[in-house]
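Summary of the model geometry
As a plain string of letters, each chain reads:
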Amino acid sequence: SLAQAHRLRVTCPALPCARVAAMAKAGKDGKMPGMPDDADVDEEEDKIDKTGKSGKEGKSGKEGKHAKASKHGKIDKTSKAPGFLTKKRKPKRKESFAVHIYKVLRQIHSDIGISKRGMSIMNSFMQDIFDRLASESTKLLRSNKKCTLSSREVETAARLILPGELSKHALSEGTKAVTKYTRM
C-alpha cells in the first residue's frame, strides 16, 4: 500500500498527499469514485506542459478588453512562466553634453583630447549654466506676466548671468544659432 502510494506520487507529483493516500487505500486498481483515471491525469499533465499554465482559468494580470498590447522588445511582467523567453533590459540612457563639448574642443584645438574626469567637470559646468539660464528666464517670464518663453527672455537672462566679454560672445553665438534655425 505504501509502495503503491509512492508509485502514484512519483507518476503524478501534482496530486496532493491526501489524495495519494486515499488512492492507496482504495485498492490494487487505485480507482475510487470521483477520482480521475490515469488517462485523465495524463491529459491534465499535457495541458500543463503545452501551455505552461494549469487548467484553471482565472485572473492572471492584464487580460480582457482593457489590456494593452505588449510591444516587442519590452519585458511583459506577467510572462514569468517557464518556457517563455524574456529579453534583457537595457540600462537607462544618461543625457550629457559630452558629444557637444568634444565637437567644440575639436573646432578650437584639434590635437588636444580631454580626460574622463575633465569631461565630467565640463558636463556639470554646462548643466549648472543651463539651470541658471532657465531659472532666470522663467523669472523674467513671471515678472512680465507672460506664458511663452522666447529667445528674447533667454538673451536677457544671458546678459544678466554671464559677465562682461563672455555675455557678448554668448549673445552673438545665440543670435547666429537662432537665425540659422529660422532659415530652415
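Report on the accompanying structure. Not measured: the values here are computed from a predicted model.

1. Notes on helix α5 (residues 116-143)
A rise of 1.5 Å per residue sets the reference length of α5, with its 28 residues, at 40 Å; its end C-alpha atoms lie 41 Å apart and thus fit the reference within 8%. Those residues of α5 lying buried are Met119, Asn123, Ile129, Ser137, Leu140 and Leu141. Two residues or fewer after α5 comes Lys145, characterised by a positive phi angle close to 55°.

2. So, the pattern of salt bridges
Side-chain pairs of opposite charge can arise where the charged atoms are in close proximity. Scanning the entire structure with this criterion turns up three salt bridges. As a salt-bridge pair, Arg159 and Glu155 come within 3.2 Å of each other at their nearest N and O atoms. In this pair, Arg159 and Glu155 are both assigned in helix α6 (residues 151-161), four residues apart and thus about one turn of the helix distant.

3. Observations regarding the packing of helix α4 (residues 98-108) against α5
Packing of α4 against α5 leaves a shortest axis separation of 10 Å and a crossing angle of 105°. As the angle between them shows, α4 and α5 are arranged roughly perpendicular. Contacts between α4 and α5 involve Ala98, Ile101 and Tyr102 from the former and Met119, Met122, Asn123 and Met126 from the latter. A breakdown of the residues in the contact of α4 with α5 according to their chemical character gives six nonpolar, one polar and no charged.

4. Topic: the layout of surface pockets
Volume-wise, the largest pocket comes out at about 1,600 Å³. As for the largest pocket, its lining consists of 34 residues, and the residues nearest its centre are Met126, Leu133, Ala170, Glu173 and Gly174. The set of elements that each furnish at least two residues to the lining of the largest pocket consists of α4, α5, α6 and α7 (164-183). Counting residues per element, the lining of the largest pocket draws most heavily on α7, at twelve residues. Of the residues in the lining of the largest pocket, the class split is 24 nonpolar, six polar and four charged.

5. Some thoughts on the packing of α6 against α7
α7 packs onto α6 with a crossing angle of 165° between their chain directions and a minimal axis gap of 9 Å. Regarding the angle of α6 to α7, the classification is roughly antiparallel. Taken as a pair, α6 and α7 cross one another with a handedness that is right-handed. Here Ser151, Glu155, Ala158 and Arg159 of α6 come into contact with α7, specifically with Ser167, Leu171 and Val178. Of the residues contributing to the contact of α6 with α7, the split by class is three nonpolar, two polar and two charged.

6. Thoughts on the side chain of Ser137
Within the element layout of this structure, Ser137 appears in helix α5. In this structure, Ser137 is in contact with Leu149, Glu153, Val154 and Ala157, ignoring residues within four places of it in sequence.

Parameters and conventions
- Residues numbered from 1 in each chain as written.
- Predicted model: local features only at pLDDT ≥ 70, side-chain atom pairs only at ≥ 80, totals over all residues.
- Heavy atoms only, no water.
- Helix = DSSP H or I, 4+ residues; strand = E, 2+ residues; numbered from the N terminus.
- Expected span 1.5 Å × (residues − 1).
- Buried < 20%, exposed > 50% of the residue type's maximum accessible area, 1.4 Å probe, protein only.
- Salt bridge = Lys/Arg side-chain N within 4 Å of Asp/Glu carboxyl O.
- Axes fitted to C-alpha atoms, helices over the stretch in contact; angles between N-to-C directions.
- Parallel < 35°, antiparallel > 145°, perpendicular 65-115°, else oblique.
- Contact = heavy atoms within 4.5 Å.
- Nonpolar A, V, L, I, M, F, W, Y, C, P; charged D, E, K, R; others polar.
- 1 Å grid on protein atoms, 1.4 Å probe; cavity = no way out; pocket = protein on both sides within 12 Å on 5 of 7 lines; lining within 4 Å.
- Points joined across faces, edges and corners; volume = space filled by probe spheres on them.
- Left-handed = near helix turned anticlockwise from the far one by under 90°.

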